[in-house]
Each structure stands twice: as structure tokens, then as C-alpha cells.
Amino acid sequence: MFIGKEKIIPIIAMIVLLIGIFSAIYVNATQINKDTITINEKEFTIEQLFRFTLSKTILTDEGEKNGIALDDLIYKIGIECGECNEYTFKAKDGYQQTVNCDLMQKGVLTDYSRVYFSDTAHVLWVRDVIEIEVR
Amino acid sequence: MEKNKKKLIAGIILFGSLWGFSEVLLGSTLENAGISSGGIMTGFFAITFLVASKIFYRQPGIQLGMGLIAGGLRIFNPFVGCQICSAIAIMVEGAVFELIWYKFSFDIEKYKTYTIQMSMGILTAFLLYVSGYTITQILTPILAGSGFYFENLVIFMPRILASGLLPALIGAFMVPVIMQIKKLDLTVKDDLYYPATISISVFCWIFVISIWFMMA
């Protein structure tokens, strides 16, 4: 049986809407709510991290951003050979970005758990960070 | 150059410039107000300019060109920093629209029912937004020097698909509205068409570039 465009287009549109709806449900159901940040399988609060790491201010196209220096953070939590690794920042909503050690030197983690890097696209700025995976 | 070709090129530049201009001014204003502009800009403005140009010109390639022009103008966006991501996303939106409507454009007159028009709005806005968003997530990390990681995209894909819902719903409303243009007689004489298209396009570019220089 041949189905004309008059029928197939609304069917595809319905499928597209259903994909969007189910994705929205999935995203809400899988969102992780926690107040700590997992770094190298250890849990830290943002206040703890601020206590033992150096703070620095970087300049971004959205102005100055102050926070924990990411290169110092990696050093302070005892990761040997920081330059050998890559670092994946994971957000509450599932968003994640992986950066190399060169970018870590340009980045800060703010007290509202957002990562900024100077001179980079906003795609790399992860908000509501809940985990930093060392790879 | 053929008269018809000149007219098409002027149309590409006009609609592309208007699209880019709206992205720069309104998109940035929404972003600064803390409103995520991507879905709204695609659902309202991208769909409006792309569908309107399709109705006016009914030739393949117009929307691809519009995407390049609008993306080019977006690079000069003085208000937010991620110019290259937005520019790429707009260019991809133009190309995806071209692909979706390639077949549709030749029998556009056949689709008179609201069901078809709304369905095309949903389909087009959703696919435009999702593809622009996805390409941005692939290309921007590469351009930023951190490299592309496939697993990062896969994990984030449900979020991208979910965010396509808003533009899809806006598109469902916008396409039937824009289709009403067909009922109007909008024939413009050549001696008005070229000065109007060129002056509006030049205004868009000069306005954005001069703000860019002032804010640099």
C-alpha cells in the first residue's frame, strides 16, 4: 500500500514530537542531584575544595571569573603526572566535556560549581559540575 | 548574468542578512536576559525567513546560501563570545532546511491543509535545531583545541533531543502563519526590488559590524 506525503509527513512529525517528549522525561528522570563533586573517586564539597586549593581569576568574554585553579586542584588531590591525563567534567544534567592539561591551566571552578576557561568556546563551560573524571 | 539569477542572489543576501541580523540582536538580547535563545530563534526567526524565502523564490539552493550569509554575519556578533559555534549552527540549519524541503518545494501548492503545514513546522524546526546543536557540540570542541569525544555527545544526546521540543512546537504554529503569505500579492517591480534588497542588507551588515568595532 502506498502512503502519500499527506499522511507520512504528519506521522513523522508525531514521531519527532514523541522522541522529544520521551527524551525530556528521560533527562528529568536521570538527573543527578547531589551537593558534592566526585574527583578521582573521592567526594568533596565545593567549600572543601576552596579550602585547600589556590584561587585565581581569569578573564572571559563574559567578564572576570574567580574560582579554584584547575591545574592546582589536580595537583592538590594527588594526581601524578597531570600532563599525562585528560579530564572530563560531568554535569547534573548529563552534559560532559573533556579537556586536556593545557586547557586546565586556563580554567577555574567557581563556588557555584561551574567551570570556565579563558579564550575558549562556551561549549566547554560546564555548569553544575558533579564529577571530574581523570582519564 | 541572467536577470533571474541576479534576483535570486539579491534574495539570498536579503533573507540571509535579516536572519543573521535577528540572530545577533534578538538572540543576544534573550541570552543576556538569561533566556536560552536557541530554540526560540530557530522556531520563530529561522523558520520565518527560511519558509518565506521558499515561498517567494521556490528554487533549490536559496536556503543554503541564506545560511552561509546569516552565519557569516553571526561571526561579527559583538555581544557574546561563542561566535563560531552559532555561525556553524546557522549554516547547518540552512543546509538541513534545504535537504528537508528539497522535495517539498516543488509541490508546495499541494499542501494546503493546516495538518501538513503544522507537521512540516514540527519536523523542520526540530531537525534544524537538533542538527545545529549537534554539529556545534562536535565542531566547537575540535576548534577549541580540546578534541571531540564521541561518548560526550552520546550521553548528552537525550538533552539535545529534549531541547528540540520547544522549537518544534513554535514551528508548528509559525509555518501555517507564514504560509498565509501565499495569499498576498507581493510582486515588487525591479526598480524597487534591487534598491530595497541591497539597502536593507547593507543596513544589517553595517549595523552589526559597527557595533562589533565599537565593542572591540
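Look up: the structure comes first, before these words.
This one's a predicted model, so the numbers in the text were calculated from it and none came from an experiment.

Chemist: An account of empty space enclosed by the protein is requested, with residue identities and associated values reported.
Modeler: A full pass over the atoms with the stated rule returns 1 cavity of 30 Å³ or more. Each pocket or cavity is described by its volume, and for the largest cavity that value is around 80 Å³. Considering the residues around the largest cavity, the lining is formed by Tyr95, Gln96 and Gln97 of chain A together with Gln137, Pro141, Gly147, Phe148, Tyr149, Asn152, Leu153, Phe156 and Ile160 of chain B. Elements with a contribution of two residues or more to the lining of the largest cavity: β6 (96–99) of chain A together with α5 (114–144) and α6 (150–163) of chain B. No other element matches the 4 residues that α6 of chain B contributes to the lining of the largest cavity. Of the residues belonging to the lining of the largest cavity, the class tally is 7 nonpolar, 5 polar and no charged.

Chemist: Lay out the packing of aromatic side chains in plain terms, naming residues and giving numbers.
Modeler: All names here are of chain B. Taken as a whole and judged by the stated rule, the model has 17 aromatic pairs over all chains. Between Tyr133 and Phe156, the aromatic rings sit 6.0 Å apart at their centres with planes inclined by 70°, giving edge-to-face as the arrangement. Residue Tyr133 is located in helix α5, and its partner Phe156 is located in helix α6; the two are separated by 23 residues in the primary sequence. The exposure class assigned to Tyr133 is partly exposed, which follows from its relative accessible area of 22%.

Chemist: Before we move on, could you go through the interface of chain A and chain B and cite the residues and values that matter?
Modeler: Contacts between the two partners involve 33 residues from chain A and, on the opposite side, 34 residues from chain B. For the chain A and chain B pair, buried surface summed over both sides reaches about 2,800 Å², with 70% attributable to carbon and sulfur atoms. Here Arg135 of chain A makes a salt bridge to Glu151 of chain B, at a shortest N to O gap of 2.6 Å. Put simply, chain A and chain B have 6 residue pairs in polar contact (both at pLDDT 80 or more) between them. Listing elements by their share of the side of chain A that touches chain B, those giving two or more residues are α1 (5–30) and β6 of chain A. Residue contributions to the side of chain A that touches chain B peak at 15 residues, all from α1 of chain A. Class assignment for the residues of the side of chain A that touches chain B results in 17 nonpolar, 10 polar and 6 charged.

Chemist: Please provide a residue-by-residue account of the pattern of salt bridges, values included.
Modeler: Applying the stated criterion across every chain yields a total of 7 salt bridges over all chains. Note that Arg159 of chain B is salt-bridged to Asp93 of chain A, the shortest N-O span being 3.6 Å. Separated into two different chains, Arg159 of chain B in helix α6 and Asp93 of chain A in the loop between β5 (87–91) and β6 make up a pair that spans both. Arg159 of chain B gets classed as partly exposed once you look at its relative accessible area, which sits at 31%. One salt bridge in this structure joins Glu98 of chain B and Lys54 of chain B, with 3.7 Å as the shortest N-O distance.

Chemist: Summarise the packing of α1 of chain A against helix α7 (residues 165–179) of chain B; cite the residues concerned and give the values.
Modeler: In a pair of packed helices, the angle between the axes and the distance between the axes together describe the arrangement. One can describe the packing of α1 of chain A onto α7 of chain B by two numbers: an axis separation of 9 Å at closest approach and a directional angle of 145°. Here the hand of the crossing between α1 of chain A and α7 of chain B comes out left-handed. Contacts from Leu17, Gly20, Ile21 and Ala24 of chain A of α1 of chain A reach α7 of chain B at Leu165, Ala168 and Leu169 of chain B. Residues belonging to the contact of α1 of chain A with α7 of chain B are distributed by class as follows: 6 nonpolar, 1 polar and no charged.

Chemist: Help me get a handle on unusual backbone geometry, residues and values and all.
Modeler: All names here are of chain A. Positive phi values are uncommon outside glycine, yet Asn40 reaches one of about 55°. Structurally, the position occupied by Asn40 is in the loop between β1 (36–39) and β2 (42–45). Positive phi, normally seen in glycine, also occurs at Ser113, with a value near 60°. Within the secondary structure layout, Ser113 lies in the loop between β7 (107–109) and β8 (115–117). Classification of Ser113 as buried rests on a relative accessible area of 17%.

Cut-off values and rules
Residues numbered from 1 in each chain as written. Chains lettered and ligands numbered in written order. Predicted model: local features only at pLDDT ≥ 70, side-chain atom pairs only at ≥ 80, totals over all residues. Heavy atoms only, no water. 1 Å grid on protein atoms, 1.4 Å probe; cavity = no way out; pocket = protein on both sides within 12 Å on 5 of 7 lines; lining within 4 Å. Points joined across faces, edges and corners; volume = space filled by probe spheres on them. Helix = DSSP H or I, 4+ residues; strand = E, 2+ residues; numbered from the N terminus. Nonpolar A, V, L, I, M, F, W, Y, C, P; charged D, E, K, R; others polar. Phe/Tyr/Trp six-rings, centres within 6.5 Å; stacked < 30°, edge-to-face > 60°. Buried < 20%, exposed > 50% of the residue type's maximum accessible area, 1.4 Å probe, protein only. Contact = heavy atoms within 4.5 Å. Buried area = accessible area lost by both parts, 1.4 Å probe. Salt bridge = Lys/Arg side-chain N within 4 Å of Asp/Glu carboxyl O. Polar contact = N/O pair within 3.5 Å; in protein donor to acceptor, adjacent residues only side chain to side chain. Axes fitted to C-alpha atoms, helices over the stretch in contact; angles between N-to-C directions. Left-handed = near helix turned anticlockwise from the far one by under 90°.

Treat this as a map of the structure, not an account of what it does.
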